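As a plain string of letters, each chain reads:
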Amino acid sequence: MGLIQNLLLKFAMFYLSLPLPKDSPANVPSAIDTAGDATDVVFEFLPFIRVYSDGRVERLCGTDSVPPSFDSATSVLSKDVLIDSSIGLATRLYLPTAAPADEKLPILIYFHGGAFLVDSPFSPKYHSHLNSLSSLGPLLAVSVNYSLAPEHPLPAAYDDSWAAIRWVLSRADPWLASRGDFRRVHIAGDSAGANICHQMAVRAREEAGLAAIKGMALVDPYFMGKEPIGTERRDAEFREDMDRIWRFICPSTAGLDDPRINPVSETAPSLAALGCERVLVAVAGNDILWSRGWVYYEKLRSSGWPGSAEIIDTPDAEHDFHIEHPETEKAAALTRSLAAFFASD
Ligand SMILES: *[C@@H]1O[C@H](CO)[C@@H](O)[C@H](O)[C@H]1NC(C)=O
């Protein structure tokens, strides 16, 4: 098990493009083999999560939260709305108060990243990103607190996200009803959130009467496949790690060619049937997922899909750099491009 732990750590470091910490558990004696104790670690995916033999799940990051607010730097007002009290699904809505009150605003439904395991709309970094997108658009944004694995394995996150889209389209919230432009409903996400977005665009096409999504932006999408391609070949162990983690997130899966993680696999529905008109894919040059993002874009373009696709490739940038390091000029440039994509017709 020490080996597995080590592999997972290595993957996580690739995935987040982080330096290997000096005191990382991979380098210290492992608690994993000391069987019999309820506090034994049975699964570890650093730096995200640890699961103990008594079933306890420990999140090692992404648990901080900030309340909704009026953000004076961007003049964006946010509020939390429970969209369905029976399932307890929360969203955070963002209203750019500097936009003229009689102006209808494009709607952005956002799905945060975090490997399907950590983070939320209330994480400081996502709250801050949504304030920026909302003010730059300007956009009326809805950030979705979909359920996380392993307590709620996939497809729970997809089902929650779909429920959130339907709720937005129902115009139940007064901000959406009075200020939302329902001819311009967009979806977006980073990493696992981008994976969710793709699934939503597939469902939008499959469920008649819901061809309401105009644009979709996938940033550093969390896609994979059984056969490693391009940047994934950098590390021979990478694919094995990915397989293990994917099965942990989605226990019902048959593996990495499942269309839910590999949207261009042989069993995946054709991208020609994607239920939106415009797609923006953004990839980062130093991200191990870089090649998958490019493949998605290329396959979409050659699929016969009638919409328009564009790609933004930021060289010398890490996975999710625009979320993790928003103060950098390249992060600001990507966030501006995303906002402009949603704001244009
Ligand atoms: C957000 O979702 C997480 C993961 O499912 C859950 O633990 C948390 O309670 C939710 N937060 C709110 C405010 O509903």
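Criteria and thresholds
Residues numbered from 1 in each chain as written. Predicted model: local features only at pLDDT ≥ 70, side-chain atom pairs only at ≥ 80, totals over all residues. Heavy atoms only, no water. Core = buried A, V, L, I, M, F, W, Y, C linked by side-chain atoms within 4.5 Å. Buried < 20%, exposed > 50% of the residue type's maximum accessible area, 1.4 Å probe, protein only. Domains from an automatic or database assignment. Contact = heavy atoms within 4.5 Å. UniProt positions renumbered as here; feature names shortened; annotations may be inferred. Helix = DSSP H or I, 4+ residues; strand = E, 2+ residues; numbered from the N terminus. Disulfide = S-S within 2.5 Å. Polar contact = N/O pair within 3.5 Å; in protein donor to acceptor, adjacent residues only side chain to side chain.

Identification of the protein as Putative carboxylesterase 2 from Apostasia shenzhenica is taken from an unreviewed UniProt entry.

Caption draft 1: Molecular detail of the nonpolar core. With 73 residues, the main nonpolar core has F111, L117, M216 and L274 as its most contacted residues. Each of domain 1 (3-59) and domain 2 (70-234 + 253-343) gives at least three residues to this core. Apart from residues lying up to four places away in sequence, L274 is in contact with H198, A201, V202, R205, M216, V279, Y296, L300 and W305. V76, Y94, I323 and L334 belong to the second-largest nonpolar core, a separate cluster that totals 24 residues.

Caption draft 2: Spotlight on the UniProt feature "active site" (unreviewed entry) in the protein. UniProt feature "active site" (unreviewed entry): in the numbering of this structure it lies at S191. Within the secondary structure, S191 is located in the loop between β9 (180-190) and α5 (192-206).

Caption draft 3: Local environment of the state of the cysteines. As enumerated under the stated definition, the model contains zero disulfides in all. In this model C197 remains outside any disulfide bridge; the closest cysteine sulfur is found in C276, 8.9 Å from its own. Residue class for C197 comes out buried when judged on its relative accessible area of 0%.

Caption draft 4: Representation of the side chain of T74 in the model. Note that T74 resides in the loop between β4 (70-71) and β5 (76-84). Judged by relative accessible area, T74 falls into the buried class, the value being 18%. Of the polar contacts made by the side chain of T74, one reaches the side chain of D71; its length is 2.5 Å.

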